[in-house]
Amino acid sequence: MSPEILLSVAFVGAALTYILGRISSSLRDVFSVLLSVALVAMVALMYGMSGEEEFYMGFLGLPLVLRYGTLQWLFAIAVSSICALSTVFSLSYMRGKERLNFFYFSMFLVEAGMLGVVLSGDLVSFYIFWEVMSWSAFLLISYNRGPALAAGMKYIVMSVVGSVAMLVGILSLYATYGTLGIPEVASHMASASSGYILFTLIIFGIGFGIKSAIVPLHTWLPDAHSEAPSPFSAVLSGVLIKMGTYGFLLIMYVMVGIKAFLELGSGLYSFHYILCWLGAITAVIPTFIALLQNDAKRLLAWHSIGQIGYIILGIALGTSLGIAGGVFHILNHATFKALLFLTVGAVEYRTGGVRDLNSLGGLIKRMPLTFVGALVGALGIIGVPLTNGFVSKWLIYKTLILNRHPFLTFAAFIGTWGTLLSFYKFLHNIFLGQLPERYKDLEKAPFSMQLPIAILSLAVVFFGILPGIPLKVINKIGVSLGFEPLKVSIWGLASETGALNTLNIFTAVLVAGVIVWLIFRAGMKPVPVPQDNNYAAGSYIPRDRYIYTAEFYSPLFRMIRPYLRDVVDEFYMALSKGVRRTSDKLRRIYVGDVGYYVIYIILFLALLIALKIWLKLW
Amino acid sequence: MDRNQIAKWLKEPGKMGQKYSLWATYFCTGCGIIEVPPVITARWDAERFGVIPVSSPRQANLFMITGFVTLKTLKAIIRTYELMPEPKYTVGFGSCPINGGMYWDSYNTIKHLDKYIPIDGWIAGCMPRPEAIFIAVTHLWTLIDKGMADGYIRYRENYRYYRRNQEMVLGKLEWPPLYPVD
Amino acid sequence: MWVKAVEIIVSPILAFVIGLFFMGLARKITARIHWRYGPPITQPLIDVIKLFTQRSVSHGLLFDMGVILSLAGSIALVLFIPFGGICPLESSGGLLVILYLMLLIPLGLALSGGEGANPNISIGISRKLMLSLGYEVPFLLAVLAIMTHYHTISAVDVVRAQEGFRWALFSWPLVLPGLAYLMILPAMLGLRPFEVVQAPQEIASGPMVEYGGKYLALVQIEHALAVFVTIALFVDLFLGGASNPFFFFLKMCVIFLLGMFVNAVFPRFRIEQAVRFLWRWPTALAFVGLVFTLLAR
């Protein structure tokens, strides 16, 4: 199994899906599921192999190189599994919508682009696949017309700015070193001056930062993720923004190298410390902005930005525990964020498109499996022990404390508490509380939606109880990037400065739970009562009049709302408005009257002649 | 008080627990409620008997109907009584629940509360003093010991009688019957 | 090996007995401060026995499971905290696991209360989570000061480093975080002036309005364990633990009496007053203490 077969299957499969869709829609559905599962299987077969393949492209005499190793395998398996589960989900979610051939074609194009980004071994193919991925994501973000068009426009403008920054970096590398293969550039940069390394890091950092949505480059994400169709939101939040973090790993550790990266700058002003602080701010402020949201998908989108802050904290610190925590959090965030977006999609599907948190409630009685999925996803993103989020956060905290960064740890902890508050609001306003009259007869989610939700929940819990299985792979990645290896056992870590043993935690909670359940059973059997048999100060209040979901944390909102304006977004919007106004004034020189244009030409010629006579410019 | 007789605790812990931890619903019915705050605060301390006021009927097992009962209050009393978990004890406080008391010829009050809610004991007086409340509590302990404080069992077994009386005076009730009525 | 098994079984029972004793002591001391007699010290035990014999109502499966999850979380948490020489599960992640298992307790009650579809429960839960956010800020700063000063994440190492009267509360970088922790102790225990979560007169005891019978009994047991865990954590981190359980219990009594004296005489804050207070003075003290700890190295 070699990467070029994988990529060609992906691209050809995308085109074939569109063609098959023209013939018959059920054929296209079956083919898309088979294609996505086949891609997962092919990536799984590539485990443990590493190497390079070169193809001659004839573009500036540069070859197209495809590299594959453990790091690429981890990202590729995450990409293909999340895309496969989203494809299964969209079988029933997108039923009855229009332009479905286009939807599946774009989904596979995005997946093929992401696989290409991950597997590319030289910067030209990296750039080409990066652009394919960004543009096909734009097509899907604006899929539902209306407000999604503005969201897509914001996304593509910022993404193009990032890609142009990356292009400037690539061109400067080509001009300096004459080659663009990643290993060759890495060996050249080992002897570069620190000024040039800083320039490369910043210019590539802008590109990757826009894609992975770090503060202050994050403003496209809330609109884009909330307006996209839900299965694609799962792919967007789950894996597309992780391509930015893959780029960071590439530029910081593969190309620049650990030693040069950590020594850039001095003391408090080192590049990696400032990047850590950016990560800490990204972990705190968007999490609290998410508290204030009233739209379920916007809340999840702001939390995506927050969790990327954790990943950047882990990666930028530059220790082996940090890399392990950061890369593991990439994998974990893909699972639970996709799970949460898929549950919101299921609720949206059944209630006819309602995502407003203030008008839903009590759906646990009608959609129990969806609730279990949302609960497991929320527990994972909060980081409750026995879920995979806890293990990756534990690693990040431990490395921050042991390297004496208490304020960064404090920022990370406060991010967790903000996550707890906002996910309780999310669960309470959709699933708990009072069931309104109009949703009394809602049906459960269909099977093709329940299957991905169940698989992802099992993954969250499984990786939480047995974290050693992914940690072994991540340990290999850390070693390949140049860090010291960790002592990993199947239940967690075994090291001198405090170990992690999830078996003890799991057994303790399980045994305690069983004992408490037995005590509970020993009491008298309770009487089951319906929802309206409730304490209401001596009255009997019917169902729809006793609802409390709106303004869930209103005293806290009043306190913290003035501090949580998104000033970056306001800045960018003001900038775009200023550009628009200036261009509007500029266009008024095109009057439409040929006489004016003749005068412009004569004046400009006079200016040129005057410059030549007086200033002798040329 | 036989609270410190360990043998009795080991023989029937449930009954002893119900005696020495009577949680009263803090439901302020009529004029009698003016006598309750002195009872539960520092002057006549009810907490040493184990009686504390709780705010929710779901947590309570003692219900004191303190004073006259109008039709509006009767609805709330029935609803609160049905929310309480079993075993529960009710005490009629003052002379109005017994036979109408001062309002014996009013069109708006209930004269015999016993027809709508089962009552375990009465405290006579037009408002009884706090010492009378303590005598009532100790008398209720004796009744619980002998097994004669069975108002809730009577409610469950004669629910059709009680519900018919309630509907006769209040009209059609909005809430469904607590026990199955065929 | 057998000693470990006995420790694991005895720890939660001892924690339960001590917690219940503290709850009874609380009612007795409050009563005596109010110039009345008060119930006997075994009154919470009588309450729990009575509650187990009552038949309550249930609103659904999650209503039951949430309370069970909360109590299971507190019992599991007790096993991780060193208690005067007894610490059953020491080498399993240290203080970080303790801080994260403390999340399970309000989460279990919040999930269970959400299914009892009563607005008082929702208001109570939102107040509880807001108050938790309020006291977590100075609490985390204080715990981080301890972890940075002793350069470890294991609670047993922190206790061992304070042997021989070198208590953290009396060492000059850590006295400010210790005072901040003492100030937020009533908030963590749900005592006045931070009793805003239960607030019987305002929201009909908040999250516990639909609990009766055995649910309320389990919540009382969980409250007893939570009191034990919070005070034991303070004694471990700032007062040097103890070498045997009896001295540990004495230290816990002293701290508990301080909190109880405050509880008996104060009224209740509103939730925004409480959060504003917690984010002002204790946070400032803990922050300055953390800066001192960093500078002391």
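Residues numbered from 1 in each chain as written. Chains lettered and ligands numbered in written order. Predicted model: local features only at pLDDT ≥ 70, side-chain atom pairs only at ≥ 80, totals over all residues. Heavy atoms only, no water.

(A) Quick look at the overall build of chain C. The number of helices and strands found in chain C is 13 helices and one strand. Reading chain C from its N terminus to its C terminus gives the helix and strand order α-α-β-α-α-α-α-α-α-α-α-α-α-α. For 297 residues, the compact-globule estimate of 2.2 N^0.38 gives 19 Å, and the C-alpha radius of gyration of chain C, at 19 Å, lies within 12% of that figure. C-alpha extents for chain C along the principal axes are approximately 55 × 50 × 40 Å. Relative to its full complement of 297 residues, chain C shows a buried share of 68%. Summarising the internal contacts of chain C: among those between residues at least 6 apart in sequence, 80% fall at separations of at least 24. (Helix = DSSP H or I, 4+ residues; strand = E, 2+ residues; numbered from the N terminus. Rg over C-alpha atoms; globule rule 2.2 N^0.38 Å. Buried < 20%, exposed > 50% of the residue type's maximum accessible area, 1.4 Å probe, protein only. Contact = heavy atoms within 4.5 Å.)

(B) Molecular detail of the overall build of chain A. Check the secondary structure of chain A and you find 24 helices and six strands. Here the C-alpha atoms of chain A give a radius of gyration of 27 Å, agreeing with the 25 Å that 2.2 N^0.38 yields for 618 residues. Here the C-alpha coordinates of chain A stretch approximately 105 × 65 × 55 Å along the principal axes. Taken over 618 residues, chain A has a buried fraction of 61%. A separation threshold of at least 6 residues defines the contact pool for chain A, and within that pool the share at least 24 residues apart is 78%.

(C) Fine view of the interface of chain A and chain C. Taken together, the contact between chain A and chain C spans 67 residues of the former and 71 residues of the latter. Counting across the interface, chain A meets chain C through one salt bridge. If you look at where chain A meets chain C, you find 20 residue pairs in polar contact (both at pLDDT 80 or more). Where the side of chain A that touches chain C is concerned, the elements lending two or more residues are helix 16 (368-382), helix 17 (388-402), helix 18 (406-430), strand 5 (500-501), helix 21 (502-522), strand 6 (527-528) and helix 22 (554-560) of chain A. In terms of residues, the side of chain A that touches chain C owes the most to one element, helix 18 of chain A, which gives 13 residues. Residues belonging to the side of chain A that touches chain C are distributed by class as follows: 49 nonpolar, 13 polar and five charged. Where strand 6 of chain A lies against strand 1 (residues 57-58) of chain C, two bridges are found, and the strand directions are parallel. The partner of V527(A) across the bridge, within strand 1 of chain C, is V57(C). (Salt bridge = Lys/Arg side-chain N within 4 Å of Asp/Glu carboxyl O. Polar contact = N/O pair within 3.5 Å; in protein donor to acceptor, adjacent residues only side chain to side chain. Nonpolar A, V, L, I, M, F, W, Y, C, P; charged D, E, K, R; others polar. Pairing = 2+ DSSP bridges.)

(D) Examining the nonpolar core more closely. In terms of nonpolar packing, the biggest core is built from 349 residues, with M114(A), F232(A), Y253(A), L363(A) and Y553(A) touching the most fellow members. When residues of this core are sorted by domain, at least three fall in each of domain 1 (1-198 + 214-238 + 259-264) and domain 2 (269-471 + 501-523 + 542-587) of chain A. If we ignore the near neighbours within four places in the chain, the residues touching L363(A) are V347(A), I430(A), F431(A), L435(A), Y439(A) and L442(A). I33(B), L62(B), F93(B) and V137(B) belong to the second-largest nonpolar core, a separate cluster that totals 27 residues. (Core = buried A, V, L, I, M, F, W, Y, C linked by side-chain atoms within 4.5 Å. Domains from an automatic or database assignment.)

(E) Summary view of the state of the cysteines. Residue and element names in this part refer to chain B. The final tally for this structure, using the stated rule, is zero disulfides over all chains. Considering cysteine sulfurs only, C96 is the nearest to C126, which forms no disulfide, with 5.9 Å between them. Under the relative-accessibility criterion, C126 is labelled exposed at 60%. (Disulfide = S-S within 2.5 Å.)

(F) Focus on the pattern of salt bridges. Under the criterion given, the structure shown has 31 salt bridges over all chains. Across the pair D47(C) and R27(C) runs a salt bridge, and its minimum N-O distance is 3.0 Å. Placement of D47(C) in helix 2 (residues 43-52) and of R27(C) in helix 1 (residues 2-33) is noted, with a sequence separation of 20 residues between them. Sharing partners across several salt bridges, the network here consists of D45(B), E47(B), R27(C), R36(C) and D47(C).

(G) How the structure looks around the interface of chain B and chain A. Counting residues at the interface gives 11 residues for chain B, matched by seven residues for chain A. Carbon and sulfur atoms make up 55% of the area that chain B and chain A hide from each other, which totals about 740 Å². Joining chain B to chain A, the criterion identifies zero salt bridges. For the interface between chain B and chain A, the tally reads two residue pairs in polar contact (both at pLDDT 80 or more). Here the residues of the side of chain B that touches chain A sort into five nonpolar, two polar and four charged. (Buried area = accessible area lost by both parts, 1.4 Å probe.)

(H) Region of the structure containing a nonpolar patch on the surface. A cluster of nonpolar side chains, namely L510(A), V514(A), W517(A), L518(A), L61(C) and M65(C), defines an oily patch on the protein surface of about 580 Å² accessible area. Ranked by the residues each element gives to the nonpolar patch, the list is headed by helix 21 of chain A, at four residues. Here V514(A) lies in helix 21. Given a relative accessible area of 43%, V514(A) falls into the partly exposed group. (Patch = residues over 30% accessible without salt bridge, like charges linked within 9 Å, V, L, I, M, F, W, Y side chains within 5 Å. Areas by Shrake-Rupley, 256 points an atom, 1.4 Å probe, with all protein chains shown as cover.)

(I) Quick peek at the packing of helix 4 (residues 71-83) of chain B against helix 8 (residues 159-170) of chain B. Residue and element names in this part refer to chain B. Here helix 4 crosses helix 8 at 150°, and the two axes come no closer than 11 Å. If you check the angle between helix 4 and helix 8, you find them roughly antiparallel. The element helix 4 and its partner helix 8 pack so that their crossing is left-handed. Contacts between helix 4 and helix 8 involve L71, L74, K75, I78 and E82 from the former and Y159, Q166, V169 and L170 from the latter. Of the residues belonging to the contact of helix 4 with helix 8, the class tally is six nonpolar, one polar and two charged. (Axes fitted to C-alpha atoms, helices over the stretch in contact; angles between N-to-C directions. Parallel < 35°, antiparallel > 145°, perpendicular 65-115°, else oblique. Left-handed = near helix turned anticlockwise from the far one by under 90°.)

(J) Seen up close, the domain arrangement of chain A. All names here are of chain A. What the domain assignment reports for chain A is domain 1 (1-198 + 214-238 + 259-264), domain 2 (269-471 + 501-523 + 542-587) and domain 3 (588-618). Using only C-alpha atoms to locate each centre, domain 1 and domain 2 end up separated by 25 Å. Listed by partner, the interface residues are 36 residues for domain 1 and 41 residues for domain 2. Interface of domain 1 and domain 2: buried area, both sides summed, is about 3400 Å²; carbon and sulfur atoms make up 73% of it. On the domain 1 side of the contact with domain 2, L85, F89 and I214 bury the most area, a combined 17% of that side's loss. Scanning the region where domain 1 abuts domain 2 turns up two salt bridges. Notably, a salt bridge pairs K154 with D569, separated by 3.2 Å at the nearest N-O pair. For the interface between domain 1 and domain 2, the tally reads 11 residue pairs in polar contact (both at pLDDT 80 or more). Residue assignment for the side of domain 1 that touches domain 2 shows that the elements contributing at least two residues are helix 3 (70-93), helix 6 (147-177), helix 9 (221-227), helix 10 (230-240) and helix 12 (258-262). Taken together, the residues of the side of domain 1 that touches domain 2 sort by class into 24 nonpolar, nine polar and three charged.

(K) The arrangement of the side chain of N475(A) in detail. Residues and elements named next belong to chain A. Note on placement: N475 falls in helix 20 (residues 468-481). The class for N475 is buried, based on a relative accessible area of 15%. Discounting chain neighbours no more than four positions away, the residues touching N475 are P485, L486 and V488.

(L) Broad picture of the side chain of S56(C). When you line up the elements, S56(C) lands in the loop between helix 2 and strand 1. One polar contact links the side chain of S56(C) to the main-chain carbonyl oxygen of G212(C), over a distance of 3.4 Å. In contact with S56(C), not counting residues within four places along its chain, are P526(A), V527(A), P85(B), G212(C), G213(C) and Y215(C).

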